[in-house]
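Structural overview for review
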Amino acid sequence: MTNITVGGTAFRRAIIVAMSAIAMSSTTIGAETAPTDPTSAEAGQQIFETIGCSSCHGTKGEGITAPKLVGSLTVSKVDTLLKRILYGGGDMPPFNNLTDEQVAAVANFVRSKINNYSAGVTAEDVTKAR
Ligand code: HEC
């Protein structure tokens, strides 16, 4: 008689392997593993000041008419930050007319200079968030 064990160790291991393959292939915005590109973060500071983020949030993200970006939960997650920049919300206008590179640069500035997150944002992350 063939010994088929459904639910045995091998079977469970196969399920786990299959599930992690699915998890890895799903679209994740912001792998949050690669370090921030310093050139991008610097360009982001220029954009932050030129297009008006700073007039509402302050040049250091300290908050003026808009909430402070220092310690913001929205900034801590790449996907929520990108969606906020692209779509705005509340009294904040959307900035979806910026290129993927420009949005990534602003996000990198806000994350690495205004806050202290080391993981960088790429233009590909922005493409996925749009
Ligand atoms: C006209 C003023 C204004 C401008 C310009 C502006 N924002 Fe905002 N922003 C706001 C307001 C108001 C909120 C809060 C909206 C709400 O959720 O009610 C906000 C919220 C945010 C948040 C979420 C903060 C939190 O913790 O909830 C982030 C992040 C953010 N803005 C980033 C940016 C960036 C980056 C730019 C430039 C690309 C920008 N903002 C431009 C007014 C502005």
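Details of the structure are given in the entry above.
Residues numbered from 1 in each chain as written. Predicted model: local features only at pLDDT ≥ 70, side-chain atom pairs only at ≥ 80, totals over all residues.

**Focus on the overall build of the protein chain**
Summing up its helical and strand segments, the protein chain has 7 helices and 0 strands in all. Reading the helices (α) and strands (β) of the protein chain from amino to carboxyl end gives α-α-α-α-α-α-α. Here the protein chain, with 130 residues, has 27% of them falling under the buried criterion. Partitioning the intrachain contacts of the protein chain with sequence separation of at least 6 by distance along the chain shows that 61% fall at a separation of at least 24. (Helix = DSSP H or I, 4+ residues; strand = E, 2+ residues; numbered from the N terminus. Buried ≥ 20, exposed ≤ 12 C-beta atoms within 10 Å, placed from the backbone. Contact = placed C-beta atoms within 7 Å.)

**Examining helix α2 (residues 38–50)**
Taking 1.5 Å per residue as the helical rise, α2 with its 13 residues ought to reach 18 Å, and the 19 Å between its terminal C-alpha atoms agrees with that figure. Of the residues making up α2, those classed as buried are S40, A41, G44 and F48. Seen along its axis, α2 keeps its buried residues to an arc of 95°; they face one direction. Counted as exposed and oriented over 90 degrees from the buried face of α2: P38, T39 and T50. Immediately beyond the C-terminal end of α2, within one or two residues, lies G52, with a positive phi of roughly 105°. (Expected span 1.5 Å × (residues − 1). Arc of directions from axis to C-beta.)

**Quick look at the environment of F95**
Note that F95 resides in the loop between α5 (78–87) and α6 (100–114). Sequence separation between F95 and C53 is 42 residues; the distance between their C-alpha atoms is 10.0 Å. When neighbours within four sequence positions are excluded, F95 is seen to be in contact with I51, I85, L86 and V103.

**Regarding the environment of L81**
Positionally, L81 belongs in helix α5. Those residues in contact with L81 that lie beyond four places of it in its chain are T74, V75, A107, V110 and R111.

**Some remarks on the site of the ligand**
Taken together, the neighbourhood of the ligand is formed by 23 residues, with C53, C56, S72, G90 and M92 sitting nearest. Those elements that provide at least two residues to the shell around the ligand are α3 (53–57), α4 (73–76), α5 and α6. In terms of residue class, the shell around the ligand is built from 15 nonpolar, 6 polar and 2 charged. (Near = placed C-beta within 6 Å. Nonpolar A, V, L, I, M, F, W, Y, C, P; charged D, E, K, R; others polar.)

**Observations concerning α5**
Buried residues of α5: V78, L81, L82, R84 and I85, and no others. Considered in projection along α5, the buried side chains sweep an arc of 160° and stay on one side of the axis. Elements in contact with the buried residues of α5: α4, α6 and α7 (123–129). Residue G88 follows α5 closely and has a positive phi angle near 65°.

**Examining the nonpolar core**
Counting residues in each nonpolar core, the largest one holds 19 residues, and the members touching the most others are L82, V103, V106, A107, F109 and V110. Those elements that provide at least two residues to this core are α2, α5, α6 and α7. Element by element, the count of residues in this core is highest for α6, at 8 residues. Non-local contacts of L82, meaning those with residues more than four positions away in its chain, are made with I29, V103, A107, D125, V126 and A129. (Core = buried A, V, L, I, M, F, W, Y, C linked by C-beta atoms within 7 Å.)

**Brief notes about the packing of α5 against α6**
Packing of α5 against α6 leaves a shortest axis separation of 10 Å and a crossing angle of 125°. If you check the angle between α5 and α6, you find them oblique. Our pair here, α5 against α6, has a crossing hand that is right-handed. Taking contact as the criterion, the partners of L81, L82, I85 and L86 in α5 are, on α6, V103, V106, A107, V110 and R111. Looking at side-chain class alone, the contact of α5 with α6 contains 8 nonpolar, no polar and 1 charged residues. (Axes fitted to C-alpha atoms, helices over the stretch in contact; angles between N-to-C directions. Parallel < 35°, antiparallel > 145°, perpendicular 65-115°, else oblique. Left-handed = near helix turned anticlockwise from the far one by under 90°.)

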